[in-house]
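Now for the letters of each chain:
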Amino acid sequence: MAEKLSLFIDGDFVKSDTKNWVEVLNPATQEVLCEVPFATEEEIEKAVASAKQAFLSWRETPPPERSRIMMKYQDLLKVNHDEIAKILSRENGKTFEDAKGDVWRGIEVVEQAANITPLLMGETVENVAKEIDSYSYTQSLGVCLGITPFNFPAMIPLWMFPMAIACGNTFILKPSEQDPMTANKLAELFLEAGGPSNLLQVIHGGKDQVDKLIKHPEIRAISFVGSVAVGQYIYRTGTDHLKRVQSFAGAKNHMVVMPDANKNKTIDSLVGSSIGAAGQRCMAISVAVFVGSSKEWIEDLKNEMQAVNPGPWDSKESGFGPVISPQAKEKIIKLIERGKDEADCLIDGSACEVEGYPKGNWVGTTLFANVKTDSEIYKTEIFGPVLLCIEVDSLEEAIKLINANPFGNGTSIFTASGRSARKFRHEIEVGQVGINVPIPVPLPFFSFTGWKQSFYGDLHAYGKQAVRFYTETKTVTERWFEEDEESTKNLTINLE
Ligand code: NAD
């Protein structure tokens with residue numbers, strides 16, 4: 001019998017009463033790792049009520065005390081780093097090195113959450129009108145909700161709940177049902193970090209559970225990360241129910257290759273950023289735009305890419321892991337087949353096999369050249385180890401092409417020219433820009449800033465701006481009178 005994964009409600013790991021259990025499979029073997037419960041309505045109500053109750057005292061807890069819990073938590077995450085990465089690799093399929101990066105990126109956010117207090121400070125302006133002073137506080141919101149995707153099962157939940165909780169809120173996490181075990185480990189360690197046991201609740205499930213949560217009257221703010229269609233749905237439904245929503249969605253990230261770039265570094269970066277993690281990164285480069293004579297490097301790119309093969313998470317030989325599910329594999333293979341009619345297929349990974357793992361969701365390295373922007377493979381987020389090459393004559397043409405794409409998550413340029421880099425940085429309509437850096441993921445003291453259809457909402461959060469998302473700003477306009485004073489003279493604020 002496979003392990004039945006628990007829900008985490010009101011400070012306890014509890015077995016769900018649901019009749020709806022779904023198997024979580026190791027993507028390299030189809031071994032059943034556990035069964036994940038799709039929580040019942042009563043369980044969701046209980047979790048929300050517990051989070052609401054916890055909020056009433058947590059909001060009164062001094063920020064330094066909240067920080068101390070985050071300090072302990074980041075320490076526990078570091079001590080248990082490899083164990084979390086192992087759970088993550090088994091259920092997600094990514095290589096151990098990649099999984100460790102996933103955990104580490106999350107730890108950096110917890111470090112930031114531990115230092116959030118200075119960012120919670122309000123603002124003051126003296127003399128907004130004659131002898132009148134104004135100031136603002138940041139105050140916590142209430143119960144916040146996070147809905148997360150399968151591809152970063154540690155980092156993305158850690159983008160959300162530590163920030164929200166450090167800002168004085170309580171949190172319900174609904175992790176991906178495809179790799180939910182990592183979330184339970186994160187919750188277990190959070191419980192160990194001390195603090196009230198019901199600050200965080202973990203509700204497992206899918207669409208029904210999400211629907212119930214995003215419409216729940218007690219939920220004040222929703223953070224979502226996932227695909228475009230679901231991201232739009234969550235944004236529309238959440239805002240319809242008058243909630244604060246930030247919704248990070250899909251991507252199609254381009255790298256511009258200028259002829260003056262360092263050829264070896266460009267090719268190495270293209271290989272790693274396109275097929276690393278089996279292309280299942282929202283910041284993966286999926287389109288290389290070769291400007292002018294740089295197109296002559298496509299043959300070298302092909303040779304380097306051909307040498308990278310998928311394999312199981314615990315083998316040092318594996319360049320990347322399997323894709324998450326047989327359904328994801330099927331979708332990718334269909335697109336590769338379609339691409340063969342639309343462009344030149346230089347490497348075809350559709351019939352990939354890995355010795356000793358006949359049931360794995362393997363998709364091999366795939367490379368297309370002469371891709372057109374009206375083709376299906378260009379218009380769709382493939383989310384697999386597939387790189388498309390497009391050739392253009394000038395940087396202007398490359399910028400125009402990228403700006404015409406509906407997504408705007410990440411992009412990069414490889415060049416030796418400061419002038420080209422500056423022009424690109426200034427004119428490109430994408431949230432995160434790399435200059436000779438293939439995957440420009442910012443550290444948590446910046447914000448993660450997807451544009452266009454990669455982000456819905458107006459608060460680009462997880463770093464510094466997260467404070468603005470997870471707090472209410474209250475503006476106070478103040479005037480004080482002496483007891484016997486009738487005029488507005490001698491207004492003072494006694495700060496002693
Ligand atoms: P997904 O949209 O299928 O699922 C994300 C979450 O939404 C899961 O928790 C899932 O249970 C829930 N969900 C799924 N269908 C739903 C529905 N119909 N109604 C309500 N909830 C639903 O995404 P995924 O396949 O897990 O993740 C991959 C996607 O996430 C890719 O498109 C990738 O680009 C995107 N992503 C974006 C970012 C970013 O920062 N922009 C980061 C990581 C991943």
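Residues numbered from 1 in each chain as written. Predicted model: local features only at pLDDT ≥ 70, side-chain atom pairs only at ≥ 80, totals over all residues. Heavy atoms only, no water.

Asks: Teacher, can you tell me more about the pairing of strand E18 (residues 410–414) here?
Replies: Strand residues, when the strand is regular, have side chains that alternate between the two faces of the sheet. A large share of E18 lies buried, amounting to five of its five residues. Of the two faces of E18, the one holding Gly-410, Ser-412 and Phe-414 and the one holding Thr-411 and Ile-413 are both buried throughout. Of the strand pairs in this sheet, strand E12 (residues 253–257) and E18 are connected by four bridges, and their pairing is parallel. Along E18, the bridge assignment pairs Val-257 with Phe-414. The pairing of E18 with strand E19 (residues 432–435) spans four bridges and is classified as parallel. Counterpart to Gly-410 in the pairing with E19 is Gln-432. A crossover connection joins E18 to the parallel E19 through helix H14 (residues 418–427); in handedness this β-α-β unit is right-handed. (Buried < 20%, exposed > 50% of the residue type's maximum accessible area, 1.4 Å probe, protein only. Helix = DSSP H or I, 4+ residues; strand = E, 2+ residues; numbered from the N terminus. Pairing = 2+ DSSP bridges. Right-handed = clockwise from strand over helix to strand, strands pointing away.)

Asks: Sorry if this is basic, but what is going on with helix H2 (residues 63–79) here?
Replies: Structurally, the α-helix is built with 3.6 residues per turn, so residues lying three or four positions apart point the same way. In a regular helix each residue adds 1.5 Å, so 17 residues correspond to 24 Å; H2 covers 25 Å between its end C-alpha atoms and thus fits that length. Those residues of H2 lying buried are Arg-66, Ser-67, Ile-69, Met-70, Tyr-73, Gln-74, Leu-76 and Leu-77. Those residues of H2 hidden inside the fold are in contact with helix H1 (41–58), helix H3 (81–92), helix H4 (96–114), helix H5 (155–166) and helix H6 (181–192). (Expected span 1.5 Å × (residues − 1). Contact = heavy atoms within 4.5 Å.)

Asks: What exactly am I supposed to notice about the packing of helix H13 (residues 395–404) against H14 here?
Replies: Each pair of packed helices gets described by two things: the angle between the helix axes and the distance between those axes. In contact at an axis separation of 11 Å, H13 and H14 are set at 20 degrees when each is read in the N-to-C sense. By the angle class used here, H13 and H14 are roughly parallel. Taken as a pair, H13 and H14 cross one another with a handedness that is right-handed. Of H14, the residues touching H13 (which contributes Leu-395, Glu-396, Ile-399, Ile-402 and Asn-403) are Ser-420, Lys-423, Phe-424 and Glu-427. Counted by class, the contact of H13 with H14 contains four nonpolar, two polar and three charged residues. (Axes fitted to C-alpha atoms, helices over the stretch in contact; angles between N-to-C directions. Parallel < 35°, antiparallel > 145°, perpendicular 65-115°, else oblique. Left-handed = near helix turned anticlockwise from the far one by under 90°. Nonpolar A, V, L, I, M, F, W, Y, C, P; charged D, E, K, R; others polar.)

Asks: I keep staring at the pairing of strand E13 (residues 285–291) and nothing clicks. Help me out?
Replies: With respect to burial, E13 is a largely interior element, seven of its seven residues being buried. With helix H9 (residues 263–275) bridging E12 and the parallel E13, this β-α-β connection has right-handed handedness. Alignment of E13 against strand E16 (residues 386–392), held across five bridges, turns out to be parallel. Across the sheet, Val-287 pairs through a bridge with Leu-388, a residue of E16.

Asks: In this structure, what is going on with the sheet that holds E16? I would like to understand it.
Replies: Within a sheet, each strand pairs with its neighbour through backbone hydrogen bonds, oriented either parallel or antiparallel. Strands sit in the order E14-E15-E16-E13-E12-E18-E19 across an open sheet of seven strands; the sheet is mixed. The open sheet terminates on both sides in strands that have one partner only, identified here as strand E14 (344–347) and E19. Adjacent strand axes in the sheet meet at a mean angle of 20 degrees when their direction is disregarded. The sheet contacts of H9 involve E12, E13, E16 and E18, and relative to E12 the element is tilted by about 170 degrees.

Asks: How should the nonpolar core be read in this particular structure?
Replies: Grouped burial of nonpolar side chains is what soluble globular proteins tend to show. Tyr-73, Leu-77, Phe-161, Ile-165, Phe-171 and Phe-190 are the most contacted members of the largest nonpolar core, which totals 56 residues. Sorting elements by how many residues they give to this core places H5 first, with ten residues. Those residues within four positions of Ile-165 in sequence are excluded, and the remaining contacts are Trp-58, Arg-66, Met-70, Thr-170, Phe-171, Phe-190, Leu-199 and Leu-200. (Core = buried A, V, L, I, M, F, W, Y, C linked by side-chain atoms within 4.5 Å.)

Asks: Quick question: what am I supposed to make of empty space enclosed by the protein here?
Replies: Over the atoms rolls a probe the size of a water molecule, and in doing so it shows where empty space is left. Evaluated as defined, the whole model comprises four cavities of 30 Å³ or more. In this structure, the largest cavity occupies an estimated 130 Å³ of space. Together, 15 residues line the largest cavity, and Gly-279, Ala-284, Ser-286, Glu-381 and Phe-383 are the ones closest to its centre. The class makeup of the residues in the lining of the largest cavity is seven nonpolar, five polar and three charged. (1 Å grid on protein atoms, 1.4 Å probe; cavity = no way out; pocket = protein on both sides within 12 Å on 5 of 7 lines; lining within 4 Å. Points joined across faces, edges and corners; volume = space filled by probe spheres on them.)

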